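Chain and residue survey
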There are 2 protein chains.
Amino acid sequence: MQTVKVKEAIKMKSEIIAVGTELLLGQVVNTNATFLSEQLADLGIDVYYQTVVGDNPTRLEELIQLAETRSELIILCGGLGPTEDDLTKEVTAKHLGRELIQNTEGYKKLLTFFETTKRKMTENNLQQSQIIEGGIPLPNRTGLALGTFFQTEDHVYILLPGPPSELKPMFIEQARPLLEEKFPSEEKLISKVLRFYGIGESRLVTELKDLIETQINPTIAPYAKPNEVTLRLTVKTKDAHAGNQALLALEERIQERVGEYFYGYGDDNSLPKVVVDLLKERNQTITAAESLTAGAFQAALGDIPGVSAVFPGGFTTYSLETKANFLTIDRHFLEKYGTVSQECAEQMALQARKLAGTDYGISFTGVAGPDELEGQPVGTVWIALAYGDEAVISQKYRFTRDRAAIRHSAVMQGFDLLRRQVLRKK
Amino acid sequence: MQTVKVKEAIKMKSEIIAVGTELLLGQVVNTNATFLSEQLADLGIDVYYQTVVGDNPTRLEELIQLAETRSELIILCGGLGPTEDDLTKEVTAKHLGRELIQNTEGYKKLLTFFETTKRKMTENNLQQSQIIEGGIPLPNRTGLALGTFFQTEDHVYILLPGPPSELKPMFIEQARPLLEEKFPSEEKLISKVLRFYGIGESRLVTELKDLIETQINPTIAPYAKPNEVTLRLTVKTKDAHAGNQALLALEERIQERVGEYFYGYGDDNSLPKVVVDLLKERNQTITAAESLTAGAFQAALGDIPGVSAVFPGGFTTYSLETKANFLTIDRHFLEKYGTVSQECAEQMALQARKLAGTDYGISFTGVAGPDELEGQPVGTVWIALAYGDEAVISQKYRFTRDRAAIRHSAVMQGFDLLRRQVLRKK
């Protein structure tokens, strides 16, 4: 295989190598690869591989050789510290036929650190202020180990420290500006995330099959999380206005087909957040009475800053007694219909709304499992929503999988039911 | 390079390949690699590489070829779903010169799922119930896509689904027993997990410094999660009795130093689970009145199967009005002392206990942020616990970091307070 010259590269290919036996033992999650991948996507640099290798010089060097055959940009993270295991800098320098040299600024910082903290500096600490000869030092604002940015004719190597608290600022403040300066890209990536509830990934993809299959620019990337699916639309463009227009046109075609399930935009959004925002806009309030979900709906409301404007509080009524006592529902009524029933769900919603004096009252009652209840199978859930002048709607669901999934599905379904009702009543 | 025969392998080498462009875009963290690495370490199988590759058939097949030169066990995860991108099964089958065949059990489950949930099955769903011809199907208890365990003379391939909620049970319940059966090892790893609350990882490690530094067999691996630290003690032995004795002796030395913070054993344990078990043993019950935590304490109780024996229900009292109305606390009292106060916390706990008729009543009130409240800084939390004959204890805390962390810390602190009180009053 041939290596690709960096300077000829129209579009840089990259890969990320994380070094550390603790990763291979499953003691640490490789969040550095996730962070760096996101950053590189943002720069329009494709990431083709993420690899984790242990603190072993032979395997690390083999991996660097392999990486050189398939990527122009190689980011190595971890193994810059002072211990025996920390061999990334040494192995990379040897591979490149370079020495490690002391960096004056880094060395001064090291001395100051040990003076200030009155700790004893050991000889191996000196490794931390070394960089690869001929490389650009990457100062470490939040730690001691220096990084290196090293460029050859064919490749760029960036060495970063392992702790995320050091790696992140070093990449954002030091390495990223160097990449942008040395490899300026006229093309930018612009993306937009559409969020859907109530449609599975496979059905969403089927509905959009032709759009997804013919995607070139913009691209469409579906992603399924528990109880929701997102679509990331990404356009590569030199012209931001034209790029945004292309995204808008694609979004319109998607909304025509599956807009029924669309609830919001953005990476940092959620169904509870959208519902709280809708209620805020309308100056409306919500309460809840929760049986099987046991407070999970209200806790999800509580996650949203500023929720106090729309949520004064509510009830967890797990037993028949608390349904009767807290919500002042007639005990005989509950015994007659059972607690996993439409009648019970509706009374819970109506009474919660009345007692809290809110615009909406939602209730959840059902069978979270592992055992069935009142002869009803695990996963059976009634959700009711009271609003307006004693009005109430209710719906029976049958959720699958385990206890945690059933409870989470019920909560999300409750948020969607509420969202649709709020939108209906302008 | 030569491939290594599986049957000759004294000690199996393995690697983990995660397939998914969403991982290379930094949209998802590769927690599967962490989980599988931990499991394999536990089985005494060395993991040499973790690799992430995108949804690209050529690169995936190249990677499988490479993996075969360096590992006997190759675990592939992700890409078993119903969409175009999901190509792991197809690429692996083609590489092995095998067909994909429908698995009858898996197919039946698929049909039942779509019947029960009344959702429309599309043709691409059929991919999910296929396995590689000649392989052992790995049923998916929590989802639809089947896994495959495939063995050749030289290698073992295990294909697992991408969602952690499906991958974990499939590995533990299906793949792991197959590995143990087919590759029995004379030496066993026996491990024991000790769980601690209320002590940070660095302090725990400092207290046990000499034990950790001299560890050989058994080993001590500390692991920090939000609001708790676990220690995994692992011994490698041919003699189960001697191994257990060694673990016990090490545990005693650890308990002498940090037993104050120890709350339980095991991987699948949690502080809420331990508390629910303690209450069950004692036939005691708990209720809660939650302000800043807004139901999160009760939702955590609700996570535990069988919690109805100890938890009848409780209150979310986010506003001053609901504190006054739901808990029948005098409004003027709340206005006088403020809602972020010892007085308010104690009244909330006492009144919740009285209204629910439980043995214990716990309350949470404080400032989750982002803004301060009643002149009190973000992170200020009062927790009170009512019990016995109108008795109440209360404590002020100051938690750090963001809204989510403050609320989670408060909930965990509440469970620890309750645990200590339950243990005190035999």
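Keep in mind it's a predicted model, so treat the numbers as computed, not measured.

Description of the overall build of chain A
A tally of helices and strands in chain A yields 15 helices and 17 strands. Taken over the C-alpha trace, chain A has a radius of gyration of 28 Å; the compact-globule value for 426 residues is 22 Å, which it surpasses by more than 25%. With the C-alpha coordinates of chain A rotated into their principal frame, the extents come out at 85 × 55 × 40 Å. Counting across all 426 residues of chain A, residues that qualify as buried make up 55%.

Here we look at the packing of helix α12 (residues 320–327) of chain B against helix α14 (residues 342–356) of chain B
Residue and element names in this part refer to chain B. α14 packs onto α12 with a crossing angle of 35° between their chain directions and a minimal axis gap of 10 Å. In this structure, α12 meets α14 at a crossing whose hand is left-handed. Where α12 abuts α14, its residues Lys323, Phe326 and Leu327 lie against Cys344, Met348, Gln351, Ala352 and Leu355. Looking at the contact of α12 with α14 residue by residue, the classes come out as six nonpolar, one polar and one charged.

Structural notes on the sheet that holds strand β10 (residues 219–225) of chain B
Residue and element names in this part refer to chain B. In space, the four strands of this open sheet follow the order β10-β11-β9-β12, with antiparallel pairing throughout. The sheet terminates laterally at β10 and β12 (262–265), the two strands that pair on one side only. Across this sheet, the average inter-strand angle for adjacent strands is 25°, counted without regard to direction. Pairing analysis gives seven bridges linking β10 to strand β11 (residues 228–237), with the strands arranged antiparallel. Paired with Ala221 across the bridge in β11 is Arg232.

Some details on the pattern of salt bridges
If you walk through the whole model with that rule in mind, you get 40 salt bridges over all chains. Here Arg176 of chain A makes a salt bridge to Glu180 of chain A, at a shortest N to O gap of 3.7 Å. Here Arg176 of chain A pairs with Glu180 of chain A, and both are found in helix α6 (residues 164–182), just four residues apart, close to one helical turn. We classify Glu180 of chain A as partly exposed; its relative accessible area is 36%. Its salt-bridge partner being Arg70 of chain B, residue Glu15 of chain B comes within 2.9 Å of it at the nearest N-O pair.

With respect to unusual backbone geometry
All names here are of chain A. For the peptide bond that leads from Gly369 to Pro370, omega is 10°, which places it in the cis range. Among the structural elements, Pro370 can be located in the loop between β15 (360–366) and β16 (380–387). One non-glycine residue, Thr328, lies in the positive phi region at around 45°. Locating Thr328 in the fold gives a position in the loop between α12 (320–327) and α13 (331–337).

Remarks on the packing of aromatic side chains
Going through the model one piece at a time under the given rule, you end up with 23 aromatic pairs over all chains. When the centroid spacing of 5.9 Å and the interplanar angle of 35° are considered together, the rings of Phe311 of chain A and Tyr318 of chain B count as tilted. Of this pair, Phe311 of chain A sits in the loop between α11 (296–302) and β14 (313–317) while Tyr318 of chain B sits in the loop between β14 (313–317) and α12, which puts the two residues in different chains. An identical accessibility class is assigned to Phe311 of chain A and Tyr318 of chain B; each is buried. Ring-pair connections join several aromatic residues into one group, and the members of that group are Phe315 and Phe326 of chain A together with Phe315 and Phe326 of chain B. Across from the ring centre of Tyr49 of chain A, 3.6 Å away, lies the NZ or CZ of Arg70 of chain A, which sits over that ring.

Digging into the pairing of strand β8 (residues 156–160) of chain A
Residue and element names in this part refer to chain A. Burial within β8 is extensive, with five of its five residues counted as buried. Burial along β8 is two-sided: Val156, Ile158 and Leu160 facing one way and Tyr157 and Leu159 facing the other are all buried. Bridging between strand β3 (residues 73–77) and β8 involves five bridges; their strand directions are parallel. Across the sheet, residue Cys77 finds its bridge partner in β8, namely Leu160.

Examining the sheet that holds strand β10 (residues 219–225) of chain A
All names here are of chain A. The four strands lie next to each other as β10-β11-β9-β12, forming an open sheet whose pairing is antiparallel. Taken across any chain shown, the strands that pair with only one partner, and hence form the sheet edges, are β10 and β12 (262–265). Taken pair by pair, the neighbouring strands of this sheet meet at an average axis angle of 25°, ignoring direction. As paired strands, strand β9 (residues 188–196) and β12 are joined by three bridges and run antiparallel to one another. Opposite Leu194, over in β12, you have Tyr265 as the bridge partner.

Concerning the pairing of β11 of chain B
Residue and element names in this part refer to chain B. β11 sits mainly inside the fold: nine of its ten residues count as buried. Here strand β9 (residues 188–196) pairs with β11 via nine bridges, running antiparallel. The residue bridging Val193 from the neighbouring strand is Arg232, located in β11. Where β10 folds back on β11, the antiparallel hairpin that results is connected by two residues, among which Asn227 adopts a positive phi of roughly 65°.

A short note on the interface of chain B and chain A
Taken together, the contact between chain B and chain A spans 68 residues of the former and 65 residues of the latter. Approximately 5,400 Å² of surface area, both sides summed, lies buried where chain B meets chain A, with 59% of it carried by carbon and sulfur atoms. Where chain B touches chain A, the interface holds two salt bridges. Notably, a salt bridge pairs Arg407 of chain B with Asp303 of chain A, separated by 2.4 Å at the nearest N-O pair. The interface formed by chain B and chain A includes 31 residue pairs in polar contact (both at pLDDT 80 or more). Element by element, the count of residues in the side of chain B that touches chain A is highest for strand β2 (residues 46–53) of chain B, at seven residues. Looking at the side of chain B that touches chain A residue by residue, the class counts come to 30 nonpolar, 28 polar and ten charged. Across five bridges, β14 of chain A lies against β14 of chain B in antiparallel orientation. Among the inter-strand pairings, Gly314 of chain A is bridged to a residue of β14 of chain B, identified as Thr316 of chain B.

Focus on the confidence of the model for chain A
Residues and elements named next belong to chain A. Considering every residue of chain A, the mean pLDDT works out to 91; 97% of them sit at 70 or more. Every residue in residues 1–10 is under pLDDT 50, and counting partners more than four places away or in other chains gives 20 contacts. Note on the complex model: pTM 0.78, ipTM 0.78.

Comments concerning the environment of Leu36 of chain B
Residues and elements named next belong to chain B. Mapping Leu36 onto the fold places it in helix α2 (residues 31–42). Classification of Leu36 as buried rests on a relative accessible area of 0%. Considering only alpha carbons, one finds Leu36 and Ile16, 20 residues apart in sequence, at a separation of 7.8 Å. In this structure Leu36 touches Ile16, Ile75, Cys77, Leu160, Leu167 and Phe171, once residues within four positions along its chain are discounted.

Thoughts on the environment of Gly97 of chain A
All names here are of chain A. Structurally, Gly97 is set in the loop between α4 (88–96) and β4 (100–102). Residue classification places Gly97 among the exposed residues on the basis of a relative accessible area of 62%. With 36 residues separating them in the primary sequence, Gly97 and Glu133 have C-alpha atoms 9.5 Å apart.

Thresholds, definitions, all that
Residues numbered from 1 in each chain as written. Chains lettered and ligands numbered in written order. Predicted model: local features only at pLDDT ≥ 70, side-chain atom pairs only at ≥ 80, totals over all residues. Heavy atoms only, no water. Helix = DSSP H or I, 4+ residues; strand = E, 2+ residues; numbered from the N terminus. Rg over C-alpha atoms; globule rule 2.2 N^0.38 Å. Buried < 20%, exposed > 50% of the residue type's maximum accessible area, 1.4 Å probe, protein only. Axes fitted to C-alpha atoms, helices over the stretch in contact; angles between N-to-C directions. Left-handed = near helix turned anticlockwise from the far one by under 90°. Contact = heavy atoms within 4.5 Å. Nonpolar A, V, L, I, M, F, W, Y, C, P; charged D, E, K, R; others polar. Pairing = 2+ DSSP bridges. Salt bridge = Lys/Arg side-chain N within 4 Å of Asp/Glu carboxyl O. Phe/Tyr/Trp six-rings, centres within 6.5 Å; stacked < 30°, edge-to-face > 60°. Lys NZ or Arg CZ within 6 Å of the ring centre and 35° of its normal. Buried area = accessible area lost by both parts, 1.4 Å probe. Polar contact = N/O pair within 3.5 Å; in protein donor to acceptor, adjacent residues only side chain to side chain. pLDDT = per-residue confidence, 0-100.

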